[in-house]
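Chain by chain, the residues:
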Amino acid sequence: MADAAIRFRDVNKWFGKHQVLADINLAVSPGEVMVVCGPSGSGKSTLIRCVNGLEAIQGGDLVVLGESIVRSGVSMSALRTRVGMVFQSFNLFPHMTVLENIMLAPVRVRGLSATEAEKTARTLLARVRIPDKAENYPANLSGGQQQRVAIARALAMQPKIMLFDEPTSALDPEMINEVLDVMTDLAKEGMTMMVVTHEMGFARRVAHRVVFMDAGRVVEEATPDAFFAAPKSERAKDFLSKILSH
Amino acid sequence: MNYQFKWSVLWSGQSGSWLLQGVITTLEISALAWVLAAALGIVSGALRTVPFRPLRAVGTFYVEFFRNVPLLVWMFFWYFGVPPLLPRAAQDWIFNHGAEFWAGMFALGVYHGARMSEVIRAGILAIPRTQFEAAVAMGLTTFQAYRLVIVPIALRLIVPPATNESLNLLKNSSVALTISVAELTFQTRQIETYTAKAVEALTAGTLIYLILCVGIAAVMARVERRFAIPGLIARGG
Ligand SMILES: Nc1ncnc2c1ncn2[C@@H]1O[C@H](COP(=O)(O)OP(=O)(O)O)[C@@H](O)[C@H]1O
Ligand SMILES: [Mg+2]
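Residues numbered from 1 in each chain as written. Chains lettered and ligands numbered in written order. Predicted model: local features only at pLDDT ≥ 70, side-chain atom pairs only at ≥ 80, totals over all residues. Heavy atoms only, no water.

K.L.:
Where do I start with the layout of surface pockets in this structure?
P.N.:
One water molecule sets the probe size; rolling that probe over the atoms shows where empty space is left. Residue and element names in this part refer to chain B. For the largest pocket, the calculated volume is near 360 Å³. Residue lining of the largest pocket: 15 residues in total, with Trp 34, Leu 155, Ile 158, Val 159 and Ala 162 positioned closest to the centre. Mapped by element, the contributors of at least two residues to the lining of the largest pocket are α1 (15-47), α5 (99-125), α7 (142-157), α8 (159-172) and α10 (198-226). Across the lining of the largest pocket, the residue classes tally to 13 nonpolar, 1 polar and 1 charged. (1 Å grid on protein atoms, 1.4 Å probe; cavity = no way out; pocket = protein on both sides within 12 Å on 5 of 7 lines; lining within 4 Å. Points joined across faces, edges and corners; volume = space filled by probe spheres on them. Helix = DSSP H or I, 4+ residues; strand = E, 2+ residues; numbered from the N terminus. Nonpolar A, V, L, I, M, F, W, Y, C, P; charged D, E, K, R; others polar.)

K.L.:
Mind showing me how you'd approach the packing of α1 of chain B against helix α9 (residues 184-195) of chain B here?
P.N.:
In a packed pair of helices, the relevant descriptors are the angle between the two axes and the axis-to-axis distance. Residue and element names in this part refer to chain B. Two numbers describe how α1 lies on α9: the axes approach to 7 Å, and their chain directions differ by 160°. In terms of their interaxial angle, α1 and α9 are classed as roughly antiparallel. With respect to the hand of their crossing, α1 and α9 are arranged in right-handed fashion. Where α1 approaches α9, its residues Ser 15, Trp 18, Leu 19, Gln 21, Gly 22, Val 23 and Thr 26 are matched on the opposing element by Leu 184, Gln 187, Thr 188, Gln 190, Ile 191 and Tyr 194. Here the contact of α1 with α9 is built from residues that sort into 6 nonpolar, 7 polar and no charged. (Axes fitted to C-alpha atoms, helices over the stretch in contact; angles between N-to-C directions. Parallel < 35°, antiparallel > 145°, perpendicular 65-115°, else oblique. Left-handed = near helix turned anticlockwise from the far one by under 90°. Contact = heavy atoms within 4.5 Å.)

K.L.:
Where do I start with empty space enclosed by the protein in this structure?
P.N.:
Evaluation of the coordinates by the stated rule reveals 2 cavities of 30 Å³ or more. Roughly 100 Å³ of volume is contained in the largest cavity. Lining the largest cavity are 14 residues, and of these Gly 84, Met 85 and Ala 154 of chain A together with Ala 137 and Met 138 of chain B lie nearest its centre. Listed by contribution, the elements that provide at least two residues to the lining of the largest cavity are α2 (76-81), β6 (83-86) and α5 (143-155) of chain A together with α6 (129-137) of chain B. Looking at the lining of the largest cavity, its residues break down into 10 nonpolar, 2 polar and 2 charged. Estimates place the volume of the second largest cavity at around 40 Å³.

K.L.:
Where do I start with the sheet that holds strand β3 (residues 33-37) of chain A in this structure?
P.N.:
Note: strands within a sheet are paired through backbone hydrogen bonds, in either parallel or antiparallel orientation. Residues and elements named next belong to chain A. Across the sheet, which stays open at both edges, the 6 strands sit in the order β6-β7-β8-β3-β9-β10 with mixed pairing between neighbours. Looking at the sheet topology across the chains shown, the edges are occupied by β6 and β10 (217-222). With strand direction ignored, the average angle separating the axes of adjacent strands in the sheet is 20°. Summarising the sheet, β3 and strand β8 (residues 192-196) pair through 4 bridges and their orientation is parallel. Pairing of Val 36 across the sheet is with Val 196, part of β8. (Pairing = 2+ DSSP bridges.)

K.L.:
Got a minute to help me understand the nonpolar core in this structure?
P.N.:
Nonpolar side chains in soluble globular proteins tend to be buried together. The biggest cluster of nonpolar side chains holds 59 residues, and the ones touching the most others in it are Ile 6, Phe 8, Leu 47 and Met 194 of chain A together with Val 149 of chain B. Take this core: its biggest share by element is 8 residues, from α7 of chain B. Beyond its immediate stretch of four places on either side in the chain, Val 149 of chain B contacts Phe 93, His 95 and Leu 104 of chain A together with Gln 131, Ala 135, Leu 140 and Gln 144 of chain B. Phe 90, Ile 130, Ala 203 and Ala 222 of chain A belong to the second largest nonpolar core, which has 53 residues in total. (Core = buried A, V, L, I, M, F, W, Y, C linked by side-chain atoms within 4.5 Å. Buried < 20%, exposed > 50% of the residue type's maximum accessible area, 1.4 Å probe, protein only.)

Structural data, given as structure tokens:
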């Protein structure tokens, strides 16, 4: 596994005196879908935010797409064009239309012409199944639609890796599936994905591997089948019983 | 009461043309100073929120330095203090080209830029941090994220307090009379001197300021509606 897409090696991170990531060793292969779960505050968001440099690590090494990102002089903006991110709170830019949101980075960062960028944007909107919302402002979209635009916006940069931080946690139940369906398509097309989610159905169907975190540590790492059938740690059992009981 | 009103002093003799020149000068000095204040305010207000301490310090220094000294002192500073520091030829040139106007404009712009800075900073701080993160997460540099996302959103949020600051700037342009800029207040005082009709002259000045301010407020209200962010609580109109 020399050419993992993402490799954490003994990664440690503190916020002040509080250690939020402890001795993380993980590798995500190209095309692999890794689901990260665990109780609130266990460090899941911090873990995936390290991958695109939104958080800096303080110990160990983190290699993304063949490049160590802790080396000084590494260009974070260049890295981020190859790693897309989708947030719990959608984060569409409210003063821009859907189309403008999607075209922004391709035009400003990649230097595409507006015509090319618009063509790609419309293709992506069809792919996330909202071709008719291009001219709308985010405020006029449902949460599920906004999150699908956010996915299209990230895909517009043609990333090699997609990070998802609880992409359905802010959604009404009836909208969760429309977002998970788009993510499932993406996984089938071979996208490398790290997904923080409590949607265990999605994990079971789509993930290649499930990672369970607690208090800044990776407590368990297994295939979905193994993890759901027989979690090894007490904490994972406890977590699963809480999350699956409703 | 023995005072004899004589409103005709406002349109007889040179009064009318003085008032008109006064209004024009007030608008010119205010408009230029406003552009300077907006530019300085946006840059320094944004600097004060960036994730890089030395740049934040630069922004803070500008704001604290310029807003904590009275405008009048800045007027004197730019008019009496700065020119002697310049080479002889530059001094001559400046004094032949309306030095008091430019000194007044700089003083007004730099002072109100520091106040505008606070307004813009407050606008930026009202934007969730995750908007900035989303912008840089797609590959924009910090500068691009500010220029294309953060500042445009902030500017749309701050139209009401920025209107307030703009009106203050217009009214404060009257301080420039202390360095002999022939703006509106200067001209009303000139009419008073020539006609000894203080009430009439000052009433005219007051009404003109009122009309200018109401006009600006109306324009800004249109701007606010035109650029309102869809989904935020709709305001009037
Ligand atoms: N910017 C921050 N400053 C200080 N502490 C933080 C910050 N972000 C997160 N934390 C803390 O780090 C821990 C892990 O947070 P997070 O990664 O968000 O957990 P999760 O996503 O699993 O809920 C929590 O204890 C949280 O309070
Ligand atoms: Mg989280």
